[in-house]
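Observations on the three-dimensional arrangement
Listed here are the chains, written in short residue letters.
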Amino acid sequence: MSERHYDAIVVGAGPAGSSVARKAAEQGVNVLIIDRKRDIGYPIQCGELVPTVEEFPNILPRAKRAEKLFNLPKWVISNTCSRVAVIGPSKKIHEFNFGQNILDRSRFDKWLVMNATKAGAELWTCCNAIKAESDGREVLVKKEGKILRLKANVLVAADGPSSNMAKNLGLGSSNPKDLIVTMEYLMGGVEIDADLTEVYFGKEYAPGGYAWIIPKGESMANVGLGIRTSFSERGVSLKDYLDRFINKHPIASKKFQKGAILSRTGGLVPVGGPIEKTYSENAIVVGDAAGQVMATNGGGIPPAVICGDIGGEAIVQKLRGENDLSFYEKEWKSEVGKELDAGVKIRKIVDIALRSDKLAERIFEIFEGKIVREVILCRLSMPLNLVYKTVMGLRRTLKVLER
Ligand SMILES: Cc1cc2nc3c(=O)[nH]c(=O)nc-3n(C[C@H](O)[C@H](O)[C@H](O)COP(=O)(O)OP(=O)(O)OC[C@H]3O[C@@H](n4cnc5c(N)ncnc54)[C@H](O)[C@@H]3O)c2cc1C
């Protein structure tokens, strides 16, 4: 078994891992990035929506590096939308303005990884990380049928939801109860407004979650849904729900009459909030692996890229002896921590509302369009915070009474 040594090894060439690798390599760190995929960014498991650079102050207002990181080249963007419509269980439509870039995710991931390799990082595709030592100094990988033992000063777990690397490092991973399961079709020939992203709530179509139509341009759209299995009907699969949405939803189904399914995908989205500790002496956990996702909209690309950039900076500082890796956690919490926490709190309120279509619709009505925007954008405004505190207070009281 051969052995090699790197300053930093990054497991996962998704947005989180590539961003760590780029940032560290730009400052002279000897980085190896490995991914088990044969084609970076493919298969696409994503709605492909990110806020436009102008919207970052509205969604992640303290993420000071977002403007630079999300100044995207045109060739990674398929479409741009300026509005979002949220359709409640009673089919009432609430619309608001919000600028979104709809990515070509395969190109986007390739662009990010290319930036890392241009900065000097080495990339191994078709390379599976089998096991990491708990001290983060060693990882066993399988490449071209051979097992290699790789040594590093810092190991980066950026291997996506249900991260094995984070588990090996003893830093935990998302609770399975907090995972949204998703299914998505790329549909062609759909009759939609190419400037409008649509989000649908309702127990019948997306229990414990929501369905989406994200326009890719040229009459194509990502049509998908994410649900929590604990909310769904017995014997009804994720595919059944998506097909029901496409064929039977009174508003949505009209848009798909001439539509065809061009490809199918799916995956997990961790919505329980970040794991308790995202670093150890020689390792960091980044992106979905760390639960860094906006819990009410499932947006994981912006936090992955931002936290990845911070992770790369933390590695540089550690290797120069200027800081330990706690800098990583302190810094990502200061840039996106408040918003990620707010997302989890809002999700807990939404969870209760989603148990009943009537309650969900009533909440939509009481607060009108404003609250819908805040829920989708993970903004915990005063009224929402009040609802959260009341709901959690009631829950605690009920638990005490049950004892
Ligand atoms: C259906 C769906 C729709 C979504 N829509 C959106 C959206 O519209 N907007 C948005 O912002 N977010 C969306 N997300 C979430 C977003 O895709 C993730 O948050 C984002 O990809 C996180 O990036 P990451 O780098 O942390 O993880 P990933 O992108 O999952 O990358 C992890 C990488 O690690 C590799 N890997 C895993 N294990 C190993 C191993 N043992 N050895 C080697 N390599 C390994 C994988 O091959 C993968 O390339 C969606 C997710 C799903 C499932």
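Whatever comes next refers back to the structure up there.
Residues numbered from 1 in each chain as written. Predicted model: local features only at pLDDT ≥ 70, side-chain atom pairs only at ≥ 80, totals over all residues. Heavy atoms only, no water.

Read across the open sheet, the 8 strands follow the order β3-β5-β4-β11-β12-β13-β10-β14; overall the sheet is mixed. Each edge of the sheet is formed by a strand with only one pairing partner; in this case those strands are β3 (49-51) and β14 (260-270). Across this sheet, the average inter-strand angle for adjacent strands is 30°, counted without regard to direction. Pairing of strand β12 (residues 210-217) with strand β13 (residues 220-227), which is carried by 7 bridges, proceeds in the antiparallel orientation. Bridge pairing in β13 links Gly 217 to Met 220. (Pairing = 2+ DSSP bridges. Helix = DSSP H or I, 4+ residues; strand = E, 2+ residues; numbered from the N terminus. Axes fitted to C-alpha atoms, helices over the stretch in contact; angles between N-to-C directions.)

Moving on to the site of the ligand. By nearness alone, 33 residues border the ligand, and Asp 35, Gly 47, Leu 49, Arg 105 and Asp 288 come closest of all. One of the backbone N or O atoms of Leu 49 is found 2.8 Å from a nitrogen atom in the ligand. Taken by itself the ligand offers 1000 Å² of open surface, and the protein chains cover 91% of this. Within the residue set of the shell around the ligand, elements represented by two or more residues are α1 (15-26), β7 (127-132), β14 and α7 (301-319). (Near = heavy atom within 4 Å. Polar contact = N/O pair within 3.5 Å; in protein donor to acceptor, adjacent residues only side chain to side chain. Areas by Shrake-Rupley, 256 points an atom, 1.4 Å probe, with all protein chains shown as cover.)

Axis separation between α7 and helix α8 (residues 326-354) bottoms out at 8 Å; the angle between their running directions is 165°. It follows from the interaxial angle that α7 and α8 lie roughly antiparallel. Read as a crossing pair, α7 and α8 show a hand that is right-handed. Where α7 approaches α8, its residues Pro 303, Ile 306, Cys 307, Ile 310, Gly 311, Glu 313, Ala 314 and Gln 317 are matched on the opposing element by Phe 327, Tyr 328, Glu 331, Trp 332, Glu 335, Val 336 and Leu 340. Class assignment for the residues of the contact of α7 with α8 results in 10 nonpolar, 2 polar and 3 charged. (Parallel < 35°, antiparallel > 145°, perpendicular 65-115°, else oblique. Left-handed = near helix turned anticlockwise from the far one by under 90°. Contact = heavy atoms within 4.5 Å. Nonpolar A, V, L, I, M, F, W, Y, C, P; charged D, E, K, R; others polar.)

Attention shifts here to helix α4 (residues 105-118). The end-to-end C-alpha distance of α4 is 20 Å, a good match for the 20 Å that 14 residues give at a rise of 1.5 Å each. Listed as buried for α4 are Arg 105, Ser 106, Phe 108, Asp 109, Trp 111, Leu 112, Val 113, Asn 115 and Ala 116. Elements in contact with the buried residues of α4: α1, β2 (31-34), α3 (66-69), β5 (93-103), β6 (122-124) and α7. With its phi angle positive at about 120°, Gly 120 sits one or two positions after the end of α4. (Expected span 1.5 Å × (residues − 1). Buried < 20%, exposed > 50% of the residue type's maximum accessible area, 1.4 Å probe, protein only.)

Remark: α1 packs on α7, axes separated minimally by 7 Å, with the N-to-C direction vectors making an angle of 35°. Once α1 is placed against α7, the crossing between them reads as right-handed. Facing Pro 15, Ala 16, Ser 19, Val 20, Arg 22, Lys 23 and Ala 24 of α1, the residues of α7 in contact are Ala 304, Val 305, Gly 308, Asp 309, Gly 311, Gly 312, Glu 313, Ile 315 and Val 316. The residue makeup of the contact of α1 with α7, split by class, is 8 nonpolar, 4 polar and 4 charged.

Attention shifts here to the pattern of salt bridges. Any two side chains of opposite charge can pair, given that their charged atoms come close. Tallying each qualifying case throughout the model produces 26 salt bridges. The partner of Arg 62 in a salt bridge is Glu 339, with the nearest N and O atoms 3.0 Å apart. A residue pair is termed long-range when its members are at least 10 positions apart, and Arg 62 in the loop between α2 (56-59) and α3 and Glu 339 in helix α8 qualify at 277 residues. The partly exposed category is assigned to Arg 62, whose relative accessible area is 33%. Take Glu 339: its relative accessible area is 8%, and that puts it in the buried class. For the salt bridge of Arg 149 with Glu 138, the shortest nitrogen-to-oxygen distance reads 2.5 Å. Placement of the pair is Arg 149 in strand β9 (residues 146-157) and Glu 138 in strand β8 (residues 138-143), with a sequence separation of 11 residues. A relative accessible area of 25% means that Arg 149 is categorised as partly exposed. A residue is classified by how much of its surface remains accessible, and Glu 138, at 14% relative accessible area, is buried. One connected set of salt bridges, linked through shared partners, spans Arg 22, Lys 23, Glu 26, Lys 64, Arg 65, Asp 309, Glu 313, Glu 331 and Glu 335. (Salt bridge = Lys/Arg side-chain N within 4 Å of Asp/Glu carboxyl O.)

Attention now goes to the packing of aromatic side chains. Enumeration over the complete set of coordinates arrives at 7 aromatic pairs. Taking 5.6 Å as the distance between ring centres and 55° as the angle between the ring planes, the aromatic pair formed by Phe 201 and Tyr 210 counts as tilted. On the basis of relative accessible area, Phe 201 is assigned to the buried category, the value being 8%. Overall, the relative accessible area of 16% leaves Tyr 210 in the buried class. Seen from their ring centres, Tyr 205 and Phe 245 are 6.5 Å apart, and the 70° between their planes marks the pair as edge-to-face. Placement of Tyr 205 in the loop between β11 (196-200) and β12 and of Phe 245 in helix α6 (residues 238-248) is noted, with a sequence separation of 40 residues between them. (Phe/Tyr/Trp six-rings, centres within 6.5 Å; stacked < 30°, edge-to-face > 60°.)

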